[in-house]
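# Inside the fold
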Amino acid sequence: MRKKIVAGNWKMNTTVAEGIELVNQIIAKIEEIPQQVQLIVNTPFTHLFPISKIIGDIKCPNCRSKLALGAQNCADKEKGAYTGEVAAQMLVSLSKAVGTVVGAPADAVGAPVEYVILGHSERRGYYGETNAILLEKIKQALAAGLKVIYCVGEALEDRKAGRHFDVVGEEIKEVLFALGEEDMKKITVAYEPIWAIGTGETATKEQAQEIHAFIRKSLAEKFGALAQQISILYGGSCKPSNAAELFSQPDIDGGLIGGAALKADDFIAIAKSF
Ligand code: PGA
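### Focus: empty space enclosed by the protein
- Applying the stated criterion to the full structure yields one cavity of 30 Å³ or more.
- Here the largest cavity defines a volume of roughly 40 Å³.
- Considering the residues around the largest cavity, the lining is formed by G119, H120, S121, R124, C151, V152, G153, E192 and I194.
- Put simply, the parts of the chain that give the lining of the largest cavity at least two residues each are α5 (121-127) and β5 (147-152).

Here's what the structure looks like:
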C-alpha cells in the first residue's frame, strides 16, 4: 500500500520561537493522527536544529514515528565555496549534533532531517531553478540519504491553453527519468498547480485526480510497477474543508500544505481527513 503523507511546507514563515511553539502544538495532538499517516514538517533551515531535538524527545514510539522532519531546499553541489548554500550532507549531519549541545545527555540524538522539498514553483519561479539544476539537487539529496518531495505543476496560462499535461510531463521526464529505480523509491511527487498556491483557489477533485493519474501513468512508462508504490501529493490551498474529498481520489495519497500548515489545528484536521 502507498504511504499516506501530509507534509507541511512552512515556507519563510515563523520566528524560531514561533516554530517551536507550532511543532509543540502539533505534537500535543499527534495521538489523534491515524497510524498509517506520515506527518512531515518542512521548516526553515534555522528551525531544524531545535525541532530535531523536540521530535527526538517524543517519548511514545508510536507518536514519534508519525512525525518526520524535512527541509525546504538544499544545494546542487556537495560542498565548497558556495556562499549561503546548505549542503544535503549538512542536513543529514544535524541530528547527530544534538547530543553535543551543552546540557544535553551524551546519548541524545535528534530526529533526523529525513526529507527535502525540491522543485517548488516558488524556487523555480523566483530563484531560477531549472529542471537541470533540480536534477543535480535531487542527486545530492539522495546521495546524502535524504528522501525528496519533488514538486511539479503548471501556471494558469498553461492550464488555460490546455498545456498542463505537457508542462507536468516535462518536469517529470527531464528530472525523474534520469534516476534509477532504487533512487525513485525515495521520491514522493507533489502536484501543485501554481494557480492554486496561496490563492484560496483549489483544483477540483476531478482536475487533481486527472493529473495525478497522468503523473502515475508517466512514471509507469519508465519505472513500471514501481509507479504504483510512489506517493503523489496534492498541494495548493488544501485545507480542512477540502482535504477529505481530494484525499478520497484513487491517485491522491495526501497533501503538501502551505498556509494551513501554520495552524496546528488545521494541519491536524487535514491529517485526519483520509
Ligand atoms: P498553500 O501552499 O497550501 O498555501 O496553497 C502550498 C505549497 O506551496 O506547498
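### Overview of helix α2 (residues 45-56)
- Under the 1.5 Å per step criterion, the end-to-end length of α2 is 17 Å for twelve residues, consistent within 8% with the ideal 16 Å.
- All of the buried residues along α2 are H47, L48, I51, S52, I54 and I55. Angular distribution of buried residues about the axis of α2 spans 165°; they occupy a single face of the element.

### Structural notes on the pattern of salt bridges
- This model, assessed by the stated rule, comprises 17 salt bridges.
- D57 is paired through a salt bridge with K53; the nearest N and O atoms lie 2.7 Å apart.

### Points about the environment of E122
- Of note, E122 is situated in helix α5.
- The class for E122 is partly exposed, based on a relative accessible area of 24%.
- For the pair formed by E122 and I194, sequence separation is 72 residues and the distance between their alpha carbons is 8.8 Å.
- Apart from residues lying up to four places away in sequence, E122 is in contact with K11, Y127 and I197.

### Some points on the site of the ligand
- K11, H120, E192, G198 and S237 are the nearest of the 13 residues found near the ligand.
- One nitrogen or oxygen atom from the side chain of E192 is found 2.7 Å from an oxygen atom belonging to the ligand.
- In this structure, an oxygen atom belonging to the ligand sits 2.8 Å away from a main-chain N or O atom of G259.
- For the ligand, whose accessible area on its own is 280 Å², the fraction buried by protein is 94%.
- For the shell around the ligand, the residue count by class is four nonpolar, seven polar and two charged.

### Describing helix α8 (residues 164-176)
- Between its first and last C-alpha, α8 extends 18 Å over 13 residues, near the 18 Å set by a 1.5 Å rise per residue.
- For α8, the complete set of buried residues consists of H164, V168, G169, E171, I172, V175 and L176. Mapping the buried residues of α8 onto a view down its axis gives an arc of 160°, with all of them on the same face.

### Some points on the packing of helix α1 (residues 16-28) against helix α12 (residues 264-271)
- Their axes nearest at 9 Å, the elements α1 and α12 cross at an angle of 40°. It follows from the interaxial angle that α1 and α12 lie oblique. Pair α1 / α12 crosses with right-handed handedness. Judged by residue contacts, L22, Q25 and I26 of α1 engage A264, F267 and I268 from α12.
- When its residues are assigned to classes, the contact of α1 with α12 shows five nonpolar, one polar and no charged.

### Observations regarding the pairing of strand β4 (residues 113-118)
- In terms of residue burial, β4 counts as a mostly covered element, since five of its six residues are buried.
- Of the strand pairs in this sheet, strand β3 (residues 67-71) and β4 are connected by three bridges, and their pairing is parallel. Directly across from L69, in β4, lies its bridge partner V113.

### Topic: the side chain of R159
- Tracing the chain through its elements places R159 in helix α7 (residues 156-160).
- A polar atom in the side chain of R159 sits 2.7 Å from the side chain of E154.

### A short note on the layout of surface pockets
- Computed from the structure, the largest pocket encloses a volume of approximately 460 Å³.
- By residue number, the principal contributor to the lining of the largest pocket is α5, which donates four residues.
- Taken together, the residues of the lining of the largest pocket sort by class into six nonpolar, four polar and three charged.

### Remarks on the packing of aromatic side chains
- Inspection of every chain in the model, using the stated rule, returns five aromatic pairs.
- Consider the rings of Y126 and Y127, whose centres lie 6.4 Å apart with planes at 85°: the pair is edge-to-face. Just as Y126 is exposed, Y127 falls in that class too.
- Centre to centre, the rings of F177 and F223 are 6.1 Å apart; their planes meet at 85°, and the pair counts as edge-to-face. Of this pair, F177 sits in the loop between α8 and α9 (181-184) while F223 sits in helix α10 (residues 205-223), placing them 46 residues apart in sequence.
- For F223, a relative accessible area of 4% gives the class buried.
- Lying over the aromatic face of Y127, R123 brings its terminal NZ or CZ to 4.2 Å of the ring centre.

About the criteria used
- Residues numbered from 1 in each chain as written.
- Predicted model: local features only at pLDDT ≥ 70, side-chain atom pairs only at ≥ 80, totals over all residues.
- Heavy atoms only, no water.
- 1 Å grid on protein atoms, 1.4 Å probe; cavity = no way out; pocket = protein on both sides within 12 Å on 5 of 7 lines; lining within 4 Å.
- Points joined across faces, edges and corners; volume = space filled by probe spheres on them.
- Helix = DSSP H or I, 4+ residues; strand = E, 2+ residues; numbered from the N terminus.
- Expected span 1.5 Å × (residues − 1).
- Buried < 20%, exposed > 50% of the residue type's maximum accessible area, 1.4 Å probe, protein only.
- Arc of directions from axis to C-beta.
- Salt bridge = Lys/Arg side-chain N within 4 Å of Asp/Glu carboxyl O.
- Contact = heavy atoms within 4.5 Å.
- Near = heavy atom within 4 Å.
- Polar contact = N/O pair within 3.5 Å; in protein donor to acceptor, adjacent residues only side chain to side chain.
- Areas by Shrake-Rupley, 256 points an atom, 1.4 Å probe, with all protein chains shown as cover.
- Nonpolar A, V, L, I, M, F, W, Y, C, P; charged D, E, K, R; others polar.
- Axes fitted to C-alpha atoms, helices over the stretch in contact; angles between N-to-C directions.
- Parallel < 35°, antiparallel > 145°, perpendicular 65-115°, else oblique.
- Left-handed = near helix turned anticlockwise from the far one by under 90°.
- Pairing = 2+ DSSP bridges.
- Phe/Tyr/Trp six-rings, centres within 6.5 Å; stacked < 30°, edge-to-face > 60°.
- Lys NZ or Arg CZ within 6 Å of the ring centre and 35° of its normal.

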